Amino acid sequence: MSDQPADSTTPKRYDLIDPDVRLMLQVREGNAAAYEQLVERYRNRLLSVLEHLVPRRGLAEDMVQEVFMRVYRARKTYRPDAKFSTWLFTIADNVAKNALRSVIKRKEVQFNAAPNDSAAMPAMENLAKEPSRFMPTRRIAQAELSEMVRKAVQSLNDRQRMALLLCKFEHMSYEDVAAAMNLTTKAVKSLMSRARNNLREMLEPYVHGGALPFGLVEGVDGGPQSDSDVAVSEAD
């Protein structure tokens, strides 16, 4: 799979509207300082997404390095066909899929690992605070709720989790997520709908009644792991 996203049917001058595209064009011309600036801007953002996809923070950090290595190797052939963040997360998605295949082969899949560190918690807290979905009828410690949300997100299948992280934490549009994941917009909407429904089913008993979500007790993953929800990408 190519790291370059599909060309848009409506060409845009991303070099005019995206300052990060302009930086990457400078990287293409050999500007090392521009490359370092992009690394500085996106390192933590990439890590905050990738550490929710793999079992160990150390592996996520290695993946971030791999993403930036691919960016550097691709600099000479880079084309400003999309926003820089979309192009970057296309590469990140490919790196994540390769890493997950390696982890599965080594039988090391443990998505219910303990929280990596406090840096990831604000994103989980933001998701937990969404009033339209999680309105507690009892007072719940925020840290406890955030931990339950984190485990629920970890239990989603890879495609749902990536779409959710890009939409909610990177604030990417469905169209940009579709480009980053090489899916159709219809498929991304389906992934997000299924992710929301799965999270609601897992968390509502806990939020409203205090019952520990089935499958999340003692860190056992309980979310659906089927990939059937991405089949719609072939029928847009």
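Keep in mind the model is a prediction, meaning the values are calculated, not measured. (Residues numbered from 1 in each chain as written. Predicted model: local features only at pLDDT ≥ 70, side-chain atom pairs only at ≥ 80, totals over all residues. Heavy atoms only, no water.)

## A few points about the overall build of the protein
Quick reminder of the rule: By the criteria applied, helices consist of DSSP H or I runs no shorter than four residues and strands consist of E runs no shorter than two, each listed in order from the N terminus. Relative accessibility decides the category of a residue: with a 1.4 Å probe and only protein chains considered, values under 20% of the type maximum give buried, values over 50% give exposed, and everything between is partly exposed. Any pair of residues with heavy atoms lying within 4.5 Å of one another is described as a contacting pair.
The secondary structure content of the protein amounts to ten helices and zero strands. The secondary structure elements of the protein, listed N-terminal to C-terminal, are α-α-α-α-α-α-α-α-α-α. Split into buried and exposed, the 236 residues of the protein put 50% on the buried side. Here the analysis covers contacts within the protein between residues at least 6 apart in sequence; of these, 72% occur between residues at least 24 apart.

## Here's the deal with the packing of helix 8 (residues 158-168) against helix 9 (residues 174-181)
Threshold: Inter-axis angles, ranging from 0 to 180 degrees, are taken between N-to-C directions of lines fitted to C-alpha atoms, where helices are fitted over the stretch in contact. Here is the rule for angles: anything less than 35 degrees is roughly parallel, anything more than 145 is roughly antiparallel, 65 through 115 is roughly perpendicular, and the remaining ranges are oblique. Crossings are sorted by hand: turned counterclockwise from the far helix by less than a right angle, the near helix makes the crossing left-handed, and turned clockwise it makes it right-handed. The residue classification treats Ala, Val, Leu, Ile, Met, Phe, Trp, Tyr, Cys and Pro as nonpolar and Asp, Glu, Lys and Arg as charged. All others, Gly included, are polar.
Between helix 8 and helix 9, the shortest axis-to-axis distance is 10 Å and the interhelical angle comes to 135°. When the axis of helix 8 is compared with that of helix 9, the two are oblique. Judged by the sense of rotation from one axis to the other, the crossing of helix 8 with helix 9 is right-handed. Touching Arg159, Met162, Ala163, Leu166 and Cys167 of helix 8 are Tyr174, Val177, Ala180 and Met181, all from helix 9. Split by residue class, the contact of helix 8 with helix 9 holds eight nonpolar, no polar and one charged.

## Points about the confidence of the model for the protein
As a reminder, the rule being used: pLDDT expresses, on a scale from 0 to 100, how confident the predictor is about each individual residue.
Averaged over all residues, the pLDDT of the protein equals 75, while 64% of them reach at least 70. At the level of individual helices and strands, the protein shows its lowest average pLDDT in helix 6 (residues 121-128), which scores 50, and its highest in helix 2 (residues 19-28), which scores 96. Predicted confidence for residues 5-9 stays below pLDDT 50, and this span has six contacts to residues more than four positions away or in other chains. In this model residues 217-236 is a low-confidence stretch, pLDDT under 50, and it forms 42 contacts with partners more than four residues away in sequence or in other chains.

## Structural notes on the packing of aromatic side chains
Geometry of an aromatic ring pair is reported as the spacing of the ring centres plus the angle between the planes. Definition in use: Planes of paired rings set the category: under 30 degrees apart is stacked, over 60 is edge-to-face and the rest tilted, where pairs are Phe, Tyr or Trp rings (Trp by its six-membered ring) whose centres lie within 6.5 Å. Remark: a charge is flagged as sitting over a ring if the NZ atom of Lys or the CZ atom of Arg is within 6 Å of the ring centre and within 35 degrees of the ring normal.
Scanning the model with the defined rule gives four aromatic pairs in all. Ring centres of Phe84 and Trp87 lie 5.8 Å apart, and the angle between their planes is 50°; this geometry places the pair in the tilted category. Placement of both Phe84 and Trp87 in helix 5 (residues 84-105) is noted, with a separation of three residues, approximately one turn of the helix. Taken individually, Phe84 and Trp87 each receive the classification buried, so the pair is uniform in this respect. Each residue in the set Tyr42, Tyr78, Phe84 and Trp87 is aromatic and connected to the rest through ring pairs, giving one cluster. Stacked on the ring of Tyr72, the Lys or Arg Arg75 has its end atom at 3.8 Å from the ring centre.

## Quick look at the packing of helix 2 against helix 3 (residues 32-50)
Where helix 2 meets helix 3, the axes come as close as 8 Å, and the angle between the chain directions of the two elements is 140°. It follows that helix 2 is oblique to helix 3 by the angle criterion. Judged by the twist between their axes, the crossing of helix 2 over helix 3 is left-handed. Note on element contacts: helix 3 touches helix 2 through Ala34, Tyr35, Gln37, Leu38, Arg41 and Tyr42, opposite Asp20, Leu23, Met24, Gln26 and Val27. Residue composition of the contact of helix 2 with helix 3, by class: seven nonpolar, two polar and two charged.

## Section: helix 9
It helps to recall that an α-helix has 3.6 residues per turn; residues three or four apart then point in one direction. When we look at burial in helix 9, the residues that qualify are Asp176, Val177, Ala178, Ala180 and Met181. Of the residues one or two after helix 9, Asn182 is the one with positive phi, at around 55°.

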